[in-house]
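Survey of secondary and tertiary structure
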Amino acid sequence: MLRPGLLTKRLSTSTTSLAARRTSQAALSNFPRASLLLSSIQNPRFLSSAANSFANIKSQLNDPTLITTAGFIDNEFITTSNSGKHFPVYDPANGTEIARFPDMGIEETDRAIQAAKQAFSSWSKTTAKERSTILRNWYNLIIENEQDLAKIITWENGKPLADALGEVRYGASFFEWFAEEAKRLYGEVIPSPNRQQRMLAIRQPIGVVGIITPWNFPNAMITRKLGAALAVGCTVVAKPASETPLSAVALYELGRRAGVPKGVIGLVTTHHNTKAIGKHICESQDVSGISFTGSTAVGKLLLKQSADTVKKVSLELGGNAAFIVFEDADIDKAVDAAVLAKFRSSGQTCICVNRFYVHSSIKDVFGERLREKVEKFRVGSGMEANTTHGPLINKASVEKVRSHVHDALNHGAKLLTGGKESENTHGYFYPPTVLTDMNNNMRIATEETFGPVAGIFSFETEDEVLELANNTRFGLSGYFFSKDVSRCWRVAENLQVGMVGVNTGAISSEVAPFGGVKESGIGREGARQGLDEYTQYKYINMAI
Ligand code: ADP
């Protein structure tokens, strides 16, 4: 089944005004290079690709038993919801329905919470070594099944198969890391100021944790949270994004095989009841913490909803990353990093660059070299061997990207490449786009695009660019390029973000603390610090 409206002409569905559309179309027609990018999107083989039924998908896996269209409650895969309703999952490369999942509600969520609550009493008493062994088993099973797990990601998320495989390995690395960190959950012995008392602080798991994850890393966002939570002895109820439940259910099947005990991990699948289930988890007295990755708007809502039960809340939210190229930078290195940091997953990661600030003396050469690289991208279905960049997740994402590009062009931006959409594609594609002559009146200056659009602003001085980069309510990641060591320290210290890439565009690692400041979030994931989100200190004072 095709999603309604997919075949409508893209420009006619734009949210911009007619006058604005005319201006941008006129602007676009002056740039013949843009059409080059469309060759792979219009690939006839891609257009004629057949619908992937669920049975068809399963048959392409080495182990078809990895996926069931189900949630997972109290150690059982549940294939029907109490309401009898299901929701569809689509392949974003062609808009066809690939699976239907049970649209669960409060009742099923509550069952998962109660099972997790009961399981907590025994799971929290296991030794660190026992939990470590199970996480290590799970890690091994993920690696054994990595090809299948990568295909599943590509079907439901659209990212190219090679990127999906990278995500599976990145996802698995959190189980490997936390299997080891589980054994290092050290407390403290405190030198007592009193001769008659001995003092110590031990670390304990907080209890049942609610986990809500996004579609952009359908595998790794679950393992990053689950790994830390399970390592310290918490139990979990997870709600994956309704766009990507297949990766979640495949992970859970491997968790079952790895020996995770009954009730310890629950999985609730829903689309229509997302808001109600989110509220229920936040307000439940039986849930002690929430870990969420997603939009800032939803993160704020969850934070408010968690206030009455005073939950521990960990949020990884939106970003508006700046990528600064100083006049003394290695431009080729900066361009290579820009390709990665902007266009990975077609611009759909929270640490993707949103604003390029390039010193005025090198702005043109940087723009030209970036254009050359971007025009070599092959856009298409993630399943095609030569595809470098896949579709966006859905129609709303394409519309947002389109409106940001039109807005920039209407405010005087110059199009270096991309921008022009095919009128006749299936699937949710937007051509990788590079804009220059950006200014602060454009939406891209303040709003996260979450798509394949690089907008280049120029600057003159270090102070000026720091002020520009920090002039946002977001603060997840930032990047800059310079060969001056003193400047590297200065700028790294003064960027108001949780993570900085200095002369690199690749910063994610299971061993490093991932997270943001300002409205980009609270708490850190991965690393030693990742355990803090799921534990609390208990101070013990012993009189002798
Ligand atoms: P995006 O716009 O990138 O999809 P969202 O923040 O909407 O980001 O989604 C991230 C996750 O949060 C998904 O699992 C989604 O289903 C879930 N979600 C969306 N709205 C709510 C809500 N009101 N309460 C709880 N979870 C929500």
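In the nomenclature of an unreviewed UniProt entry, the chain is known as Succinate-semialdehyde dehydrogenase of Linnemannia hyalina. According to the UniProt record, the Pathway (unreviewed entry) comment for the chain is "Amino-acid degradation; 4-aminobutanoate degradation." Under the heading Sequence similarities (unreviewed entry), UniProt records this for the chain: "Belongs to the aldehyde dehydrogenase family."

Interhelical geometry of helix 5 (residues 106-123) versus helix 11 (residues 274-283) gives an angle of 35° and a closest axis separation of 10 Å. Along this stretch, helix 5 crosses helix 11, giving a crossing that reads as right-handed. Residues I106, T109, D110 and I113 of helix 5 pack against A276, I277, H280 and I281 of helix 11. Grouping the amino acids of the contact of helix 5 with helix 11 by side-chain chemistry returns five nonpolar, two polar and one charged.

Let us now look at the side chain of T269. Topologically, T269 is positioned in the loop between strand 9 (265-267) and helix 11. In terms of polar contacts, T269 uses its side chain to reach the backbone carbonyl oxygen of P102, at 2.8 Å. Residues within four places of T269 in sequence aside, it is in contact with A70, G71, F87, F101, P102, D103, M104 and P245.

Attention now goes to the sheet that holds strand 13 (residues 353-359). Within the open sheet, the seven strands sit side by side as 14-15-16-13-12-17-18. Their pairing is mixed. With one partner strand each, in any of the chains shown, strand 14 (414-417) and strand 18 (499-502) form the two edges of the open sheet. Adjacent strand axes in the sheet meet at a mean angle of 20° when their direction is disregarded. Pairing geometry for strand 13 and strand 16 (residues 453-459), over four bridges, is parallel. Residue Y357 lies in a different strand from strand 16, and its bridge partner there is F457.

Turning our eyes to something else, we now look at the site of the ligand. Close to the ligand lie 16 residues; T213, W215, K239, F292 and S295 are nearest. Surface burial for the ligand is 78%, taken as the share of its 550 Å² of free accessible area covered by protein chains. Within the residue set of the shell around the ligand, elements represented by two or more residues are helix 11, strand 10 (289-293) and helix 12 (296-305). Of the residues contributing to the shell around the ligand, the split by class is eight nonpolar, six polar and two charged.

Calculation criteria
Residues numbered from 1 in each chain as written. Predicted model: local features only at pLDDT ≥ 70, side-chain atom pairs only at ≥ 80, totals over all residues. Heavy atoms only, no water. UniProt positions renumbered as here; feature names shortened; annotations may be inferred. Axes fitted to C-alpha atoms, helices over the stretch in contact; angles between N-to-C directions. Helix = DSSP H or I, 4+ residues; strand = E, 2+ residues; numbered from the N terminus. Left-handed = near helix turned anticlockwise from the far one by under 90°. Contact = heavy atoms within 4.5 Å. Nonpolar A, V, L, I, M, F, W, Y, C, P; charged D, E, K, R; others polar. Polar contact = N/O pair within 3.5 Å; in protein donor to acceptor, adjacent residues only side chain to side chain. Pairing = 2+ DSSP bridges. Near = heavy atom within 4 Å. Areas by Shrake-Rupley, 256 points an atom, 1.4 Å probe, with all protein chains shown as cover.

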